[in-house]
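Results of the structural survey
For reference, the chains in residue letters:
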Amino acid sequence: MKLVIQIPAWNEEATLSDALASLPRNLPGFSEVLILVVDDGSTDRTAEVAREGFADRLVRFSKHRGLASAFSAGLDASLEMGADVIVNFDADLQYDPADIPRLVEPILEGRADIVVGDRGPGKLAHFSPVKRLLQRLGSWMVRQATGLNVQDATSGLRACTREAARRMNVFSKMTYTLEMLIQAGFKDLRVVSVPVSGRPVRRASRLLSSPTKYVLIQGANILRITALYKPLKIFSGIAALFLLVGVVCGVWALVEHLTGDPGPHTLALLVGGGSVFAGMLTFLMALLSDIAAINRELLEDLKLRESRNSTAESRLRKAEFRRELDEDVFLHREQ
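Residues numbered from 1 in each chain as written. Predicted model: local features only at pLDDT ≥ 70, side-chain atom pairs only at ≥ 80, totals over all residues. Heavy atoms only, no water.

Details of the overall build of the chain
Secondary structure summary: the chain contains 10 helices and seven strands in total. Of the contacts formed within the chain by residues at least 6 apart in sequence, a portion of 74% connects residues at least 24 apart. Just so you have it, the chain exposes about 17900 Å², and 60% of that area is on carbon and sulfur atoms. (Helix = DSSP H or I, 4+ residues; strand = E, 2+ residues; numbered from the N terminus. Contact = heavy atoms within 4.5 Å. Areas by Shrake-Rupley, 256 points an atom, 1.4 Å probe, with all protein chains shown as cover.)

Okay, here's the thing in structure tokens:
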């Protein structure tokens, strides 16, 4: 099996060298361990440090695209490198490389498709109260959306199988952590958490510069992904709310009319009728969105099958080439 450790990096000249030097090059259960660096449009010497640190592959963006884009590009490049398991590791050394064997263990044992490193964020002394609150809020939102029991949903230290990586589609531009887990829950992938250590970061967080913005963006991402994969669930709830308002207004107007109240009920009837109409339109939108979601899932399945076939054909060509090469060497030796 081949393991690829991918490192998204944006202006990480100061720490990338230490990160590369600390990563393991041999791990039990893997015949090969490769290191991939994704340079997210850095303006410092990040790319040069990656080459000097003997990274096996470097992917560079011409401009800064964001952590989520770098992570997604890293998954694609790792698959091209033939990865059976992919580990995501941060260049700022907030995670301990010694935890990587523990991280990949559930995958090697066949118990998980995705493994998340649990830092125990509620107990980390170097986390501010705001950051602890955001960590708990993110984990709670993921549990509510998918039912996954993940205590550290925003942890960047995680591992996934080749199959899980193929099925990931990251839409956010800010961060991938919550979105990846939400998709995993909707796609019935097995997610396991393992305890890892968390280190103080040498620089200020780039994602938590504005806690309010972070919460709003993550909340919008969760709602968007949920609506993308479970539109009937989201829009049916909204439709039911409209219908409830319509029924309440209609019943109120009817009761007032039967009790002989001479007051006009025009406003109640207008609000009730409009709410019922809006509820019916919203429910129709839910049905159409559900059909679109089914078509999207079919397209994703077709894309996944094509990826599998492409990988199988590539391996077959490589195997045939190796056989021909061995035969050539053997014939040369005979002569």
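Focus: the pairing of strand β4 (residues 85-88)
Burial along β4 is two-sided: the face carrying Val85 and Val87 and the face carrying Ile86 and Asn88 are both buried. Relative to β4, strand β1 (residues 2-9) runs parallel, the two sharing four bridges. Bridge pairing in β4 links Ile5 to Val87. Relative to strand β6 (residues 158-161), β4 runs antiparallel, the two sharing four bridges. From the neighbouring strand, Val85 faces β6, where its bridge partner is Thr161. (Buried < 20%, exposed > 50% of the residue type's maximum accessible area, 1.4 Å probe, protein only. Pairing = 2+ DSSP bridges.)

Observations regarding the sheet that holds strand β5 (residues 114-118)
Strand pairing in a sheet relies on backbone hydrogen bonds. The paired strands run either parallel or antiparallel. Taken in spatial order, the seven strands make up an open sheet running β3-β2-β1-β4-β6-β5-β7, and their pairing is mixed. Either end of the sheet is taken by a strand with one partner, and the two such strands are β3 (57-60) and β7 (191-195). Strand-to-strand twist of the sheet, defined as the mean angle between neighbouring strand axes without regard to direction, takes the value 20°. By the bridge criterion, three bridges tie β5 to β6 in an arrangement that is antiparallel. Each bridged residue has a counterpart across the sheet, and for Val116 the counterpart in β6 is Arg158. Sitting on the sheet, helix α7 (residues 177-186) touches β5, β6 and β7, and the angle it makes with β6 is about 35°. (Axes fitted to C-alpha atoms, helices over the stretch in contact; angles between N-to-C directions.)

With respect to the packing of aromatic side chains
On inspection of all chains with the given rule, the structure shows one aromatic pair. Ring centres 3.8 Å apart and planes at 5° place the aromatic pair Phe71 and Tyr176 in the stacked group. Taken together, the positions of Phe71 in helix α3 (residues 67-80) and Tyr176 in the loop between α6 (162-166) and α7 put the pair 105 residues apart, joining distant regions of the chain. Residue Phe71 is classed as buried on the basis of its relative accessible area, which comes to 2%. It is Arg65 that lies over the ring of Phe61; its NZ or CZ is 4.1 Å from the centre. (Phe/Tyr/Trp six-rings, centres within 6.5 Å; stacked < 30°, edge-to-face > 60°. Lys NZ or Arg CZ within 6 Å of the ring centre and 35° of its normal.)

Some thoughts on unusual backbone geometry
The phi torsion at Asn11 lies on the positive side, around 55°, for a residue other than glycine. Residue classification places Asn11 among the partly exposed residues on the basis of a relative accessible area of 25%. We note that Asp188 has phi near 60°; this positive angle belongs to a residue other than glycine. Here Asp188 is to be found in the loop between α7 and β7.

Here's the deal with the side chain of Asp40
Considering the arrangement of structural elements, one finds Asp40 in the loop between β2 (32-39) and α2 (46-52). Here Asp40 is buried and forms no salt bridge, its nearest opposite-charge partner Arg65 lying at an N-O distance of 5.9 Å. Separated by 2.8 Å, the side chain of Asp40 and the backbone nitrogen of Arg65 make a polar contact. Not counting chain neighbours up to four residues away, the residues in contact with Asp40 comprise Ala9, Trp10, Phe61, Lys63, His64, Arg65, Gly66, Leu67 and Ala70. (Lys, Arg positive; Asp, Glu negative; His and termini not counted. Salt bridge = Lys/Arg side-chain N within 4 Å of Asp/Glu carboxyl O. Polar contact = N/O pair within 3.5 Å; in protein donor to acceptor, adjacent residues only side chain to side chain.)

Digging into α7
Every α-helix carries 3.6 residues per turn, so stepping three or four residues along brings you back to the same face. For α7, a buried count of 10 out of 10 residues is recorded, marking the element as mostly surrounded by other parts of the structure. Where α7 ends, the next residue or the one after it, Asp188, has phi of about 60°, a positive value.

A few points about the pattern of salt bridges
A side chain of one charge can pair with a side chain of the opposite charge if their charged atoms are brought near each other. Under the defined criterion, the tally for this structure stands at 11 salt bridges. A salt bridge links Arg57 to Glu80; its shortest N-O distance comes to 3.0 Å. Taken as a pair, Arg57 in strand β3 and Glu80 in helix α3 lie far apart in primary sequence, 23 residues in all. In this structure, the salt-bridge partner of Arg102 is Asp99, at a minimum N-O distance of 2.6 Å. Here Arg102 falls in the partly exposed class, since its relative accessible area comes to 38%.

Considerations on the confidence of the model for the chain
Overall, the predicted model of the chain reaches an average pLDDT of 80, with 78% of residues at or above 70. Of all secondary-structure elements in the chain, the lowest mean pLDDT belongs to helix α10 (residues 266-334), at 65, while β4 reaches the highest, 97. Under a pLDDT of 50 for its full length, residues 321-335 has, in the predicted model, zero contacts with residues more than four places off or in other chains. (pLDDT = per-residue confidence, 0-100.)

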